[in-house]
Amino acid sequence: MTIKEVYEQTNSDYEDAMERLGSEKLISKYLLKFMDLTDYNDMINAIQIKDWEGGFKSSHNLKGIALNMSFTELARSGSELCDTMRHGAPKNDITELVNKVSSDYKLIMDVLEKYKDEM
């Protein structure tokens with residue numbers, strides 16, 4: 001699997017990643033590092049215990065990384081969730097937002113597992 005295919009399969013922006021990072025070698029390095037990050041799990045754990053500050057911080061980190069890696073869908077869903085927790089406890093149920101972030105994140109992780117296995 002090529003890096004371009006990773007981006008296509010995750011509904012992400014390959015051209016933006018190339019412009020931002022400059023080479024497929026560097027993109028590959030960061031794709032593999034992305035797999036080791038704990039921000040998603042930290043966010044889920046914080047939300048489960050209603051630690052809104054921790055949930056905000058983790059979602060903010062995840063959103064930033066997604067933006068830097070040009071993971072378009074995860075950046076969009078992560079931003080919406082992050083904004084919802086920005087000022088403490090959300091006023092509305094965030095289950096749908098969490099589910100969208102989880103879906104986007106898991107798609108990326110599944111594709112990255114395949115990418116890693118084929119290297």
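About the thresholds
Residues numbered from 1 in each chain as written. Predicted model: local features only at pLDDT ≥ 70, side-chain atom pairs only at ≥ 80, totals over all residues. Heavy atoms only, no water. Helix = DSSP H or I, 4+ residues; strand = E, 2+ residues; numbered from the N terminus. Polar contact = N/O pair within 3.5 Å; in protein donor to acceptor, adjacent residues only side chain to side chain. Contact = heavy atoms within 4.5 Å. Expected span 1.5 Å × (residues − 1). Buried < 20%, exposed > 50% of the residue type's maximum accessible area, 1.4 Å probe, protein only. Axes fitted to C-alpha atoms, helices over the stretch in contact; angles between N-to-C directions. Parallel < 35°, antiparallel > 145°, perpendicular 65-115°, else oblique. Left-handed = near helix turned anticlockwise from the far one by under 90°. Nonpolar A, V, L, I, M, F, W, Y, C, P; charged D, E, K, R; others polar. Core = buried A, V, L, I, M, F, W, Y, C linked by side-chain atoms within 4.5 Å. Patch = residues over 30% accessible without salt bridge, like charges linked within 9 Å, V, L, I, M, F, W, Y side chains within 5 Å. Areas by Shrake-Rupley, 256 points an atom, 1.4 Å probe, with all protein chains shown as cover. Salt bridge = Lys/Arg side-chain N within 4 Å of Asp/Glu carboxyl O. Lys, Arg positive; Asp, Glu negative; His and termini not counted. Charge placed at Lys NZ, Arg CZ, Asp CG, Glu CD.

*Asks:* Quick question: what am I supposed to make of the side chain of D104 here?
*Replies:* Tracing the backbone through its elements, the reader meets D104 in helix α7 (residues 95-118). Within the local environment of D104, its side chain forms a polar contact with the side chain of S77, the two groups lying 2.7 Å apart. What D104 contacts, discounting residues up to four positions off in sequence, is E73, L74 and S77.

*Asks:* For this particular structure, what's the right way to read helix α6 (residues 72-85)?
*Replies:* The α-helix advances 3.6 residues per turn, and as a result positions three or four apart in sequence lie on the same side. Compared with the 20 Å implied by 1.5 Å per residue over 14 residues, the 20 Å span of α6 between its first and last C-alpha is a close match. Those residues of α6 lying buried are L74, A75, S77, G78, L81, C82 and M85.

*Asks:* Mind showing me how you'd approach the packing of helix α4 (residues 39-48) against helix α5 (residues 52-69) here?
*Replies:* In helix packing, the relevant descriptors are the interaxial angle and the interaxial distance, both defined with respect to the helix axes. Two numbers describe how α4 lies on α5: the axes approach to 8 Å, and their chain directions differ by 155°. Compared by their axis directions, α4 and α5 come out roughly antiparallel. Of the two possible hands of crossing, α4 and α5 adopt the one that is left-handed. Two secondary-structure elements touch here, α4 through D39, Y40, D42, M43, A46 and I47 and α5 through W52, G54, G55, S58, S59, N61, L62 and I65. Among the residues making up the contact of α4 with α5, the classes are represented as 7 nonpolar, 5 polar and 2 charged.

*Asks:* In this structure, what is going on with the nonpolar core? I would like to understand it.
*Replies:* One broad trend across soluble globular proteins is that nonpolar side chains are buried collectively. Membership of the largest hydrophobic core comes to 35 residues, with the highest contact counts inside it found for Y7, L31, F34, F71, L74 and L81. Listed by contribution, the elements that provide at least two residues to this core are α1 (3-9), α2 (14-21), α3 (24-34), α4, α5, α6 and α7. Ranked by the residues each element gives to this core, the list is headed by α7, at 9 residues. Aside from chain neighbours lying at most four places away, what touches Y7 is S12, D13, Y14, A17, I27, L31, M69, S70 and F71.

*Asks:* How should I be thinking about a negative patch on the surface in this particular structure?
*Replies:* Negative charge collects at one region of the surface, where E5, E8, D13, E15, E19, D110, E113, D117 and E118 lie side by side. When residues in the negative patch are grouped by element, the largest group, 4 residues, is from α7. Counting through the fold element by element, D13 comes out in the loop between α1 and α2. By relative accessible area, which is 31% here, D13 ends up partly exposed.

It is worth stressing that arrangement in space is one thing and function is another; only the former is reported here.
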